[in-house]
Amino acid sequence: MKQRSLLQKCLAAPHMVWTVLFIIAPLLFVAYYAFTDSEGAFTFDNILKSLEADYMVIFFRSISLAIIATFICLIIAYPMAYAISRAKPSAQKIIIMLVMLPMWMNFLIRTYSWMSILEDTGFINQLLIKLGLEPVHMINTSGAVVLGMVYNFLPYMILPIYTVMVKIDRRLVEAAHDLGCNSFGVMTKVIFPLSISGVVSGVTMVFVPSISTFYISQKLGGGNFDLIGDTIERQFQTAYNYNLGAAISLILMVLIIISMAIMNKFSDEDGGMVV
Amino acid sequence: MKTMSRLYTTLIFVFLYAPIGILVLFSFNVSNSTGVFMGFSLDWYKELFRDSATLAALKNTLILAVTSSVIATVIGTAAAVGIDRMKNQYVKGALISATNIPMMNPDIVTGISMMLLFVFVGGLLKLDNNLSFATLLIAHITFNLPYVILSVLPKIRQLDSQLPEAAMDLGCTPMKAFFKVELPAIMPGVLSGLIMAFTLSLDDFVISYFTIGSGFETLPIRIYSMTKKRVTPDMYALSTLIFIAVLLLLILSNVISAKAEKKPKKK
Amino acid sequence: MTESNAGRIIELKNIRKSFDGETVLDGINLDIHDKEFVTFLGPSGCGKTTTLRIIAGFETPDFGEVFFDGAKINDLPPYKRQVNTVFQKYALFPHLNVYENVAFGLRLGKKLKEEEISRRVKDMLRMVNLSGFERRNVESLSGGQQQRVAIARALINHPRVLLLDEPLGALDLKLRKDMQNELKNIQMQTGITFIYVTHDQEEALSMSDVIVVMNEGVIQQIGTPTDIYNEPVNAFVADFIGESNILDGVMLEDYKAKFSNQTFDCLDKGFAKGEAVDIVVRPEDVDVVPVEKGMLSGIVTSVTFKGVHYEIIVDIGGFKWMIQTTDFVAQDEHIGLYIEPDAIHVMKKSKYSDQFGDYSSFSDELDELSVNTEEE
């Protein structure tokens, strides 16, 4: 009915205005700052500077650590998600709640808490000494940074994969067995192809925060492993070079868009859905 | 197989809860060490309640979370209804994609992009303090919106299109039909959107970090500045209390949704 | 049916409606009289539901006028019309219990005392046999119970007209029969005009005072169930309602028709001499006799036992007849057929001629399939 649709079209208006003002416009400002100098004149200097060797090392480090963390998350989360999806429905609810619960706790504190565990005089090393073993140096290594990423973002991998898996019709598994598939065949030929969309969104949800984090690398890397996030943060909070910071952010966005495109293409070819 | 998966799940949970266990433990420590446990005491909890700056930050965080989540829920619910009714598929698709940008973009980019906007506009208006509670509120509403819309939109799509017609048939104006029939039917989605927005706002550090003004401090920001130095266990005590609060909130929301699902769905 | 103006409650005048360029209603003219049980009958896509929605006010016609009690209501919104609707899938409000669903219409508009509301809701629930279900959640009810709630909810405001859009479509056969009787009783008890939409011809025949047969956005025939059954105006109506053998024929003169190369006495007149016509013979109106006594003769090609009768297909000169008989005949038997003059119905040729009426490709399965697809 006409009167209805008019009224209800207006309902989205505040949000539309909001989206333009506070989502689109800020991104345009990122582009604007990236391509201007401190006087506001057009320049490519910021972009070129971000692509110099110093920064390329950081980009490369961020990408590799993020890929490693994402991969470890996937390896850990996939069997976990599968196990949860096979549990009793009532148990599933509780387990999922337990997976989500740590996410609602301040991640700074949780990350800081890892420091007390990994430190040279920390929890693990105290334990090792008590057991008569040699203490191991863990804090301020790239391994500790990856551990922080895996720890913080693991739930983002488990949840989407679980969501897809729990929807897989159990009769499909039975049908595959019926047609002569063994358990391994069911896993590779039925479960995995059907869960690929969950894997894709899980990978995205872990990769994006991993590549852009700065707190984890500050605390668990001890400042020795600068990531893209650290570089951006420094430009805005201490160096006050907004133009360079905007340029690096722009490159980060482009990087993420490219990797998402690759992911989506990969999952399309496998016939999975893009979430 | 069964025991294998049970063992595996348990191991993951040990990993996920180890740091939480550590900080709960050390919140009861006698000494100010966060590494060596010397004995049980509640001193840090007492200390916490004497720390007016932390309590003020807690209050700020709650005010911010309540206002931003309520505003985002109102705008987002209206938007979800509007989006659902949109005829033009291109406008609809473009709006949904734009809405989702803060969800897909790294928080740090969202944060600095808004900071640049505020700094630029503040510069134009010649404001001394470009960033304030208002900018923080705007930022929080912005990243809450997609989550609200995401949780309301499916509920609207599931809605039987005959319901508003039935209400109008019985004498409701279109407006009344919306408030008496459609809104109650999508209420579970609205509530879960609200809860999600509230918790996200409560927990946000990165975006707040770039958009917060001086003279205003939220809890995550305060925790950040404290973790720059050596943290004392009163922060752990605070986290333990927050953890318990979140746990209660989660249980509550689960009870609500369980109640909503209790109505046995016929086919 | 009287043609006096007094009894008319709804008048549709030359209603046209199209969606996205596709014509759904193509000039509907219809008078509905007070206190009648009127059924719109037709296959899916015939425009019956759209007509109903125009009366309810959910759609506005592109062209033509809708009158209610003599006043034009084209632009009156649904919430101001004295009609209420029972929706196809009930559209009960999921967040309200049975009591509140029924009370919904009472709580709008002028304030009523809670005792008054309670009394009226209880009366209404008693009428639809749902006393004691007040506090139940609507989603916990069976289909038939939800149906009753929907009826009670629509009747609570005492509408002048109740619109029912395939209300029994989702129920199983047995329940459907019971509900048919109940609906008819409720209509007689309340004296409210019912406009009922269905694609089920049996339902239409057993419940209605007047049936409006529709196809392709056009009213094919308006009449009482017996009119419609005994004197269909064209091949579409004859085929859609009941089983029919429809043959090409020629009207030789008044009361004499020729078909299947034979001349028959009939009761029809008023056709031009030698006019080509469609002849309808209902399967139950044909007597099976020995070949020598038959007016027609043919070979039995199939026999199906149906309980009360056998349904046989007889090949007469290449045209397959369906005949229902209580006498057993064997397949491949040569039999004669005897047709009384009153069993023959003569119709003008229409665009539906030659589309229906031959049972050469007939099978029960196909019949059921077409019914299922109509239910969408």
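Residues numbered from 1 in each chain as written. Chains lettered and ligands numbered in written order. Predicted model: local features only at pLDDT ≥ 70, side-chain atom pairs only at ≥ 80, totals over all residues.

### Here's the deal with the overall build of chain A
Piece 1. A tally of regular secondary structure across chain A gives 13 helices and zero strands.
Piece 2. Counting helices and strands in the order they occur from the N terminus, chain A gives α-α-α-α-α-α-α-α-α-α-α-α-α.
Piece 3. For the C-alpha atoms alone, the extent of chain A along its principal axes is close to 80 × 70 × 35 Å.
Piece 4. Within chain A, buried positions represent 44% of all 275 residues.
Piece 5. If you take every contact in chain A between residues at least 6 apart in sequence, the share linking residues at least 24 apart comes to 71%. (Helix = DSSP H or I, 4+ residues; strand = E, 2+ residues; numbered from the N terminus. Buried ≥ 20, exposed ≤ 12 C-beta atoms within 10 Å, placed from the backbone. Contact = placed C-beta atoms within 7 Å.)

### Looking at the interface of chain B and chain A
Piece 1. Counting residues at the interface gives 60 residues for chain B and 62 residues for chain A.
Piece 2. Those elements giving two or more residues to the side of chain B that touches chain A turn out to be α1 (2-27), α3 (52-85), α4 (89-104), α5 (107-124), α6 (133-158), α8 (174-203), α10 (219-227) and α11 (233-262) of chain B.
Piece 3. The biggest single contributor to the side of chain B that touches chain A is α1(B), with 12 residues.
Piece 4. A per-class count over the side of chain B that touches chain A returns 44 nonpolar, 14 polar and two charged. (Nonpolar A, V, L, I, M, F, W, Y, C, P; charged D, E, K, R; others polar.)

### Thoughts on the packing of helix α6 (residues 107-118) of chain A against helix α8 (residues 142-167) of chain A
Residues and elements named next belong to chain A.
Piece 1. Put simply, α6 and α8 touch, their axes get as near as 11 Å, and they point 135° apart. Relative to α8, α6 is oriented oblique. Every pair of crossing elements has a handedness; the one defined by α6 and α8 is right-handed. Where α6 abuts α8, its residues F107, T111, W114 and L118 lie against A144, G148, Y151 and N152. (Axes fitted to C-alpha atoms, helices over the stretch in contact; angles between N-to-C directions. Parallel < 35°, antiparallel > 145°, perpendicular 65-115°, else oblique. Left-handed = near helix turned anticlockwise from the far one by under 90°.)

### A closer look at the packing of α6(A) against α10(B)
Piece 1. With their axes 9 Å apart at the nearest point, α6(A) and α10(B) run at an angle of 25° to one another. Classified by the interaxial angle, the pair formed by α6(A) and α10(B) is roughly parallel. Mapping the contact onto sequence places A:L108, A:I109 and A:Y112 in α6(A) and B:P220, B:I223, B:Y224 and B:T227 in α10(B).
Piece 2. Among the residues making up the contact of α6(A) with α10(B), the classes are represented as six nonpolar, one polar and no charged.

### Quick look at the sheet that holds strand β5 (residues 71-72) of chain C
Piece 1. One open sheet holds the four strands; their spatial order is β2-β1-β4-β5 (chain C), and the pairing between them is antiparallel. Unpaired on one side and paired on the other, β2 (22-33) and β5 of chain C mark the two borders of the sheet. (Pairing = 2+ DSSP bridges.)

### Focus: the sheet that holds strand β3 (residues 37-41) of chain C
Sheet strands associate in pairs through backbone hydrogen bonding, adopting either a parallel or an antiparallel arrangement.
All names here are of chain C.
Piece 1. The six strands lie next to each other as β6-β7-β8-β3-β9-β10, forming an open sheet whose pairing is mixed. Sheet topology places β6 (83-86) and β10 (218-223) at the edges, where each strand pairs with a single neighbour. Here the average twist between neighbouring strands, direction ignored, is 20°.
Piece 2. Relative to strand β8 (residues 193-198), strand β7 (residues 161-165) is paired through five bridges, and the arrangement is parallel. Pairing of D165 across the sheet is with V197, part of β8.

### Details of the arrangement of the chains
Piece 1. Interchain contacts are distributed over two pairs of chains, and the most extensive set of them lies between chains A and B.
Piece 2. At no point do chain A and chain C touch; the closest pair of C-alpha atoms across them sits 7 Å apart.

### Some words on unusual backbone geometry
All names here are of chain C.
Piece 1. For H158, which is not a glycine, the phi torsion comes out positive at approximately 45°.
Piece 2. Within the secondary structure, H158 sits in the loop between α4 (143-155) and β7.
Piece 3. You can call H158 exposed: it has 12 C-beta atoms within 10 Å.
Piece 4. If you check the backbone angles, N261 has positive phi at about 60° while not being a glycine.
Piece 5. With respect to the helices, strands and loops of the structure, N261 is situated in the loop between β12 (256-259) and β13 (262-265).

### With respect to the interface of chain B and chain C
In many analyses, interface size is given as the accessible surface area lost on bringing the parts together.
Piece 1. Residue-level contacts link 18 residues of chain B with 20 residues of chain C.
Piece 2. For the side of chain B that touches chain C, the elements supplying multiple residues, two or more each, are α7 (162-169) and α8 of chain B.
Piece 3. The element contributing the most residues to the side of chain B that touches chain C is α7(B), with six residues.
Piece 4. Its residues assigned to classes, the side of chain B that touches chain C shows nine nonpolar, three polar and six charged.

### As for the nonpolar core
Piece 1. Core analysis: the biggest nonpolar cluster contains 243 residues, and A:I158, A:I161, B:L116, C:A152 and C:I195 have the highest contact counts within it.
Piece 2. The element contributing the most residues to this core is α8(A), with 17 residues.
Piece 3. Of the residues that make up this core, three or more belong to each of domain 1 (8-230) and domain 2 (244-374) of chain C.
Piece 4. Leaving out residues up to four positions away in the same chain, C:A152 has contacts with C:V102, C:M124, C:L125, C:V128 and C:L130. (Core = buried A, V, L, I, M, F, W, Y, C linked by C-beta atoms within 7 Å. Domains from an automatic or database assignment.)

### Things to note about the confidence of the model for chain B
All names here are of chain B.
Piece 1. Of all residues in chain B, 97% attain a pLDDT of 70 or more, and the chain-wide mean is 87.
Piece 2. The element-level mean pLDDT for chain B is lowest in α11, coming to 80, with helix α9 (residues 206-211) highest at 94.
Piece 3. Counting interchain partners and residues more than four positions distant, the pLDDT-below-50 stretch residues 263-267 has seven contacts.
Piece 4. Prediction confidence for the complex, expressed as pTM and ipTM, is 0.80 and 0.88 respectively. (pLDDT = per-residue confidence, 0-100.)

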